[in-house]
Structures are given as C-alpha cells and as structure tokens.
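# A look at the structure
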Amino acid sequence: MITAKDIEKKTMSEKKKAEAKNSIWGFYVGRPITYFFTIPFLYTNISPNTVTWFSIICICAAYYALSVASNISIRLMGLFLIFLWSMGDGIDGNIARYKNIKSSKGDLLDTLGGYLAIVVVILGMGNMAYNDPNSHFFISRVLVIELAGISAVASLIPRLLMHRKIAMEKNSTEANKLRDKENYGLLKIIALNICDPAGFQEHIVLIAILFHLGTEFTIFYLILNIAIMIYSIKGMIKE
C-alpha cells in the first residue's frame, strides 16, 4: 500500500527540500496534506494534467466568488476554492514525479495555474472591496479596483522577466541564481511567504474577508508588489 511517506521519498529530493522549506506554510503544512490526497489518485489512471485542469477551474471559480459575493459565506467559499487550487497544484506534481511523467504541456498548464492564482487573489480581493458596503473606503471605490489591477501587473512582471532571463541564459551562473530559493535572505523569505497564494497569503485573505479589510489588503499588496518588482528588476539588470 502506498503511504504519504512513500510519496514524499519519491517526489522530494534533498535539494528540492532545501529549496521548498523556505515556503514555510507550503512545506510544513500544505505539502504534507497533498501527500495524503495524492494516494487515491495513484491507484487510478487520472493524469497530472487532469488534476491541473481541475485546479485551474477552482481558481477561476474563486475569482468569481470573491468578486461578486454579497456575503461573507460566499467569499469564504472563494477562499476554499483557492485552497483547492493549492491542493491540486501540489497533487499534480506529486503524481507526475511519482509516476515519472513529464511533459511540456504539463509544465505550461502548471505555470498557467500559478499565474492565474496570483492574479485572482489580487484582483478578486480588489473586487471584493468594491462590492463590500462594509469596506473602509478612505479612497474611492473605483480606485480600489484600479490599484488592484496595477498590483496584479506588478506581481507578474518580475516572474515573467525571470523566466525570460532563465530561458536566455539557460545554464549560466546567473540563471542558476534566479532558480535557487535555497539561499534566500530573510526579506526574500518573508516576501515569498506572504505573496504565495498557496502559503500565508491565504491566511491574510481570511482575515481580510472576516474583517472587511479588502481595501487595506489591496493597498498593502500594491506597495509590496511594486517594491518587489523594482528590487527584482534592478537585480536582474545588474547581473
């Protein structure tokens, strides 16, 4: 019988563990949960891509729930759908590595799901603030949505540039540095955790939903994402 420990041994090399451990919630809580959820999939012919498609549907549904919800219950359903995406995002990789299945299509779908999650959380929370009569509007409601859009773009730019630089440099020292999460400093680790839709960001979303802090959430991540974008661009240009 396959156990969670078997899946961990077969899917997590020591190097991968060293890199993944900086994502604290994902590594110590989220990933172990995915091992248990992965077990029944390994006894079926369900492909990793099928799970990835399911997770993409979940994240799209989460956007709808956060954006149009008229009450906290539906917004919490949106958060639960984000959680389901994060589980699917781990399960598909577990299946692929355990069964030694690799495909460029799978990599692309996985990247698509990750990018969608980043955008969904930022834009969905901005829309939530706009539609929540109990939000604290110390700026105009329309401006909240505009700022959420800017924040979403700012969160994507460093990732897109990093992937482009890695593709250009391939196996160079600079490209390896960009891939290497093992030696992140404290500030990078903090940023990684609070900007990760599968990490502590889910807890921040929960607090924002329960206490009607959609506006504050949007402004906080706008400032943070712009700061990360500027820092990342400067670092990549110097190299």
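Residues numbered from 1 in each chain as written. Predicted model: local features only at pLDDT ≥ 70, side-chain atom pairs only at ≥ 80, totals over all residues. Heavy atoms only, no water.

## Some words on the environment of L108
Our working rule: Under the DSSP-based scheme used, a helix requires at least four consecutive residues in state H or I and a strand at least two consecutive residues in state E, with every element numbered from the N terminus. Between buried and exposed lies partly exposed: a residue is buried under 20% and exposed over 50% of the maximum accessible area for its type, with that area taken using a 1.4 Å probe on protein chains only.
One can find L108 in helix α6 (residues 104–131). Given the relative accessible area of 62%, L108 is considered exposed. Spatially, the C-alpha atoms of L108 and N49 are 10.0 Å apart, while their sequence positions differ by 59 residues.

## Regarding the nonpolar core
In plain terms, the rule: What we call a nonpolar core is a set of buried Ala, Val, Leu, Ile, Met, Phe, Trp, Tyr and Cys residues that are connected through their side-chain atoms within 4.5 Å. For this analysis, residues touch if any pair of their heavy atoms sits within 4.5 Å.
By size, the foremost hydrophobic cluster in this structure holds 25 residues, and its most contacted members are M125, V205, I209, F217 and Y221. Those elements that provide at least two residues to this core are α4 (48–68), α5 (72–98), α6, α7 (141–169), α10 (201–210) and α11 (214–238). Top contributing element to this core by residue count: α6, with 6 residues. Filtering out sequence-adjacent residues up to four positions away, M125 remains in contact with L66, V120, V205, A208, I209, G214, F217 and T218. In terms of nonpolar packing, the next biggest core, distinct from the first, is built from 14 residues, I7, F27, I39 and M87 among them.

## Description of the packing of α5 against α6
We count it as follows: Lines fitted to C-alpha atoms define the axes, with helix axes restricted to the stretch in contact, and inter-axis angles between N-to-C directions lie between 0 and 180 degrees. Roughly parallel here means an angle under 35 degrees, roughly antiparallel means over 145, roughly perpendicular means 65 to 115, and every remaining angle is called oblique.
Orientation of α5 relative to α6, taken along the N-to-C sense of each, is 170 degrees, at an axis distance of 11 Å. Judged by the inter-axis angle, α5 sits roughly antiparallel to α6. Across from R75, I82, W85, D89 and D92 in α5, the residues of α6 making contact are D110, G113, G114, A117, V121, M128 and N131.

## Comments concerning the side chain of T34
Heads up, the condition is: Pairs of N or O atoms are called polar contacts if they sit within 3.5 Å, as long as, within protein, a hydrogen donor faces a hydrogen acceptor (for residues adjacent in sequence, only side-chain-to-side-chain pairs).
Take T34: it is sitting in helix α3 (residues 24–41). Given the relative accessible area of 3%, T34 is considered buried. Within the local environment of T34, its side chain forms a polar contact with the backbone oxygen of R31, the two atoms lying 2.6 Å apart. In this structure T34 touches M87, G90, I91 and N94, once residues within four positions along its chain are discounted.

## Re the pattern of salt bridges
Keep this limit in mind: Salt-bridge detection follows one rule: a side-chain nitrogen of Lys or Arg within 4 Å of a carboxyl oxygen of Asp or Glu.
Taken as a whole and judged by the stated rule, the model has 4 salt bridges. The shortest N-O distance in the salt bridge between K5 and E8 comes to 3.6 Å. Taken together, the residues K5 and E8, both in helix α1 (residues 4–11) and 3 residues apart, mark about one turn of the helix. D132 is the partner of R75 in a salt bridge, and the nearest nitrogen-oxygen pair spans 3.8 Å.

## A short note on the packing of aromatic side chains
The criterion, for reference: Each aromatic pair joins two rings of Phe, Tyr and Trp (for Trp, the six-membered one) with centres within 6.5 Å, and gets the label stacked for planes under 30 degrees apart, edge-to-face for over 60, and tilted for any other angle. Look at NZ for Lys and CZ for Arg. If either is within 6 Å of the ring centre and within 35 degrees of the ring normal, a charge sits over the ring.
What the rule picks out here adds up to 5 aromatic pairs. Consider the rings of F27 and Y28, whose centres lie 4.8 Å apart with planes at 90 degrees: the pair is edge-to-face. With a relative accessible area of 52%, Y28 lands in the exposed category. For the pair F220 and Y221, a centre-to-centre distance of 5.1 Å together with 85 degrees between the ring planes defines the contact as edge-to-face. Assessed through its relative accessible area of 1%, Y221 is described here as buried. An aromatic cluster is defined as three or more aromatic residues linked by ring pairs; in this entry it consists of F217, F220 and Y221. Positioned above the aromatic ring of Y130, the side-chain terminus of R141 is 5.1 Å from the ring centre.

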